[in-house]
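Descriptive structure summary
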Amino acid sequence: MSTARPDTIHPDPVSALPADFRIGGRLAVRAILRELACRHVLVTLYADGRRDAFAITRLTHVGDAEIEFDLTGQEPFVRTVATARDVAGVAFPGQVKTQFRLDGFAVAAVPEGTVLRACMPVELYRIQRRDAFRVQPPGFDEAVCVRRLPPDGEVRYPLLDLSAGGASILLPAGEVVPEIGAIWPHCRLEAAGGRVIPCDLAVRHIDEQGPGSGNHRIGVAFHAMPGEVLRRIQVYVIDIEKRLDRRA
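Read on for a plain summary of the structure.

The rules behind these values
- Residues numbered from 1 in each chain as written.
- Predicted model: local features only at pLDDT ≥ 70, side-chain atom pairs only at ≥ 80, totals over all residues.
- Heavy atoms only, no water.
- Helix = DSSP H or I, 4+ residues; strand = E, 2+ residues; numbered from the N terminus.
- Rg over C-alpha atoms; globule rule 2.2 N^0.38 Å.
- Buried < 20%, exposed > 50% of the residue type's maximum accessible area, 1.4 Å probe, protein only.
- Areas by Shrake-Rupley, 256 points an atom, 1.4 Å probe, with all protein chains shown as cover.
- Lys, Arg positive; Asp, Glu negative; His and termini not counted.
- Charge placed at Lys NZ, Arg CZ, Asp CG, Glu CD.
- Phe/Tyr/Trp six-rings, centres within 6.5 Å; stacked < 30°, edge-to-face > 60°.
- Pairing = 2+ DSSP bridges.
- Axes fitted to C-alpha atoms, helices over the stretch in contact; angles between N-to-C directions.
- Core = buried A, V, L, I, M, F, W, Y, C linked by side-chain atoms within 4.5 Å.
- Contact = heavy atoms within 4.5 Å.

Moving on: the overall build of the protein. On a plain count of helices and strands, the protein comes out with 3 helices and 16 strands. The C-alpha atoms of the protein give 19 Å as radius of gyration, which agrees with the globular expectation for 248 residues (18 Å, within 12%). Projected onto the principal axes, the alpha-carbon positions of the protein cover approximately 60 × 40 × 35 Å. Residues classed as buried in the protein amount to 45% of the 248 residues present. With an accessible surface of roughly 12700 Å², the protein has 51% of that area assigned to carbon and sulfur atoms. A distance of 2 Å separates the average location of the 31 positive side-chain charges in the protein from that of its 31 negative side-chain charges.

Enumeration over the complete set of coordinates arrives at 3 aromatic pairs. On the numbers, 6.3 Å between centres and 20° between planes, the contact of Phe69 with Phe100 is stacked. Of the two residues, Phe69 sits in strand β5 (residues 66-70) while Phe100 sits in strand β7 (residues 96-102), which places them 31 residues apart along the sequence. For the residue pair Phe69 and Phe100, the accessibility class agrees, reading buried in each case. When the centroid spacing of 6.0 Å and the interplanar angle of 35° are considered together, the rings of Tyr157 and Trp184 count as tilted. Here the residue Tyr157 occupies a position in strand β12 (residues 153-162), and Trp184 occupies one in strand β14 (residues 183-191), the gap between them amounting to 27 residues. Looking at Trp184, the relative accessible area reads 2%, which means it is buried.

On to the sheet that holds strand β3 (residues 54-57), then. The antiparallel open sheet is built from 6 strands, whose spatial order is β1-β10-β7-β6-β2-β3. Single-partner strands in this sheet number two, and they are β1 (22-24) and β3. Neighbour-to-neighbour, the strand axes of the sheet open up by a mean angle of 20°, direction not taken into account. Taken together, the 5 bridges between strand β6 (residues 87-91) and β7 define a ladder with antiparallel strand orientation. Counterpart to Val90 in the pairing with β7 is Gln99.

Attention now goes to unusual backbone geometry. For residues other than glycine, phi is negative in most cases, and the peptide bonds are mostly trans. A cis amide bond links Pro150 to the next residue, Pro151, at an omega of 5°. Locating Pro151 in the fold gives a position in the loop between β11 (144-149) and β12. The backbone of Asp48 sits at a positive phi, close to 55°, despite the residue not being glycine. Turning to its location among the elements, Asp48 is positioned in the loop between β2 (43-47) and β3. In this structure Asp48 comes out as partly exposed when scored by relative accessible area, which is 30%. In this structure, Glu142 is a non-glycine residue whose phi angle is positive, near 50°. On the secondary structure map, Glu142 appears in the loop between β10 (123-128) and β11.

Attention shifts here to the nonpolar core. Generally speaking, soluble globular proteins have nonpolar side chains that are buried together. The biggest cluster of nonpolar side chains holds 36 residues, and the ones touching the most others in it are Leu162, Trp184, Leu189, Leu201, Phe222 and Ile233. Secondary structure elements with two or more residues in this core: β12, β13 (166-171), β14, β15 (195-208), β16 (216-222) and α3 (227-247). In terms of residue count, the dominant contributor to this core is α3 (6 residues). Beyond its immediate stretch of four places on either side in the chain, Leu189 contacts Val144, Cys145, Leu159, Leu162, Arg195, Val196, Ile197, Cys199 and Phe222.

The pairing of β11 with β12 spans 6 bridges and is classified as antiparallel. Bridged to Val144 within β12 is Pro158. A loop of 3 residues connects β11 with β12, the two strands running antiparallel in sequence. Strand direction decides the pairing type here: β11 and β14, joined by 3 bridges, are antiparallel. Looking at β14, one finds that Val144 is bridged to Glu190.

What follows is about the environment of Ala118. By secondary structure assignment, the location of Ala118 is in strand β9 (residues 113-119). Take Ala118: its relative accessible area is 1%, and that puts it in the buried class. As for Ala118 and Pro138, which are separated by 20 residues in sequence, their C-alpha atoms are 37 Å apart.

Within the closed barrel, the 6 strands sit side by side as β11-β12-β13-β16-β15-β14. Their pairing is antiparallel. Neighbour-to-neighbour, the strand axes of the sheet open up by a mean angle of 45°, direction not taken into account.

Right under this line is the structure:
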């Protein structure tokens, strides 16, 4: 039987988390959730621990005792969560994974659409691990990062790994190594099945792949991305995770 791998985009078993990752008390929890709402950080909600039953959304309200998530247009999840016993939330503000459980939740109709209301969590977990939550696209995905070169050229780099916040690509020998901080506008991620995700990238890390090879691993972060595009990236990350788990 396969077991869940550590450092995933999905909820971690609470029993496996160190005690110092836990933050308790409504005031502290409320402050962290309000920060997620103010920064418009995407939150993935999972129903009953099922990795195939999720919604990628945002916190739309953080009150004294209650929080709300926008579920407008996510009818399959709305139907699932209406009978769910448990809902867990996972967000990635920066490199820290924030995880919490929802209690006393219910779907409600509002003038703007559909929301999930829940009681303010009494605790959450801020999970800090270096280089965590990255997935490696399987080879048959043929995943690449396509960089636009003005005025009308482009170059394709193999996509080595992907996370909700960025990616690593392989820069072959002979290519000009970029500067840290460089912005690559109008790029896109491509994978098998017609998956195309537009993105702007910022160069964050550069590592040589093997002494004298001339190849470089370039770490890039998604830059100034619309929420809907970030949602598509998270869906792809989750899809890779699901397929890797089935093969484990």
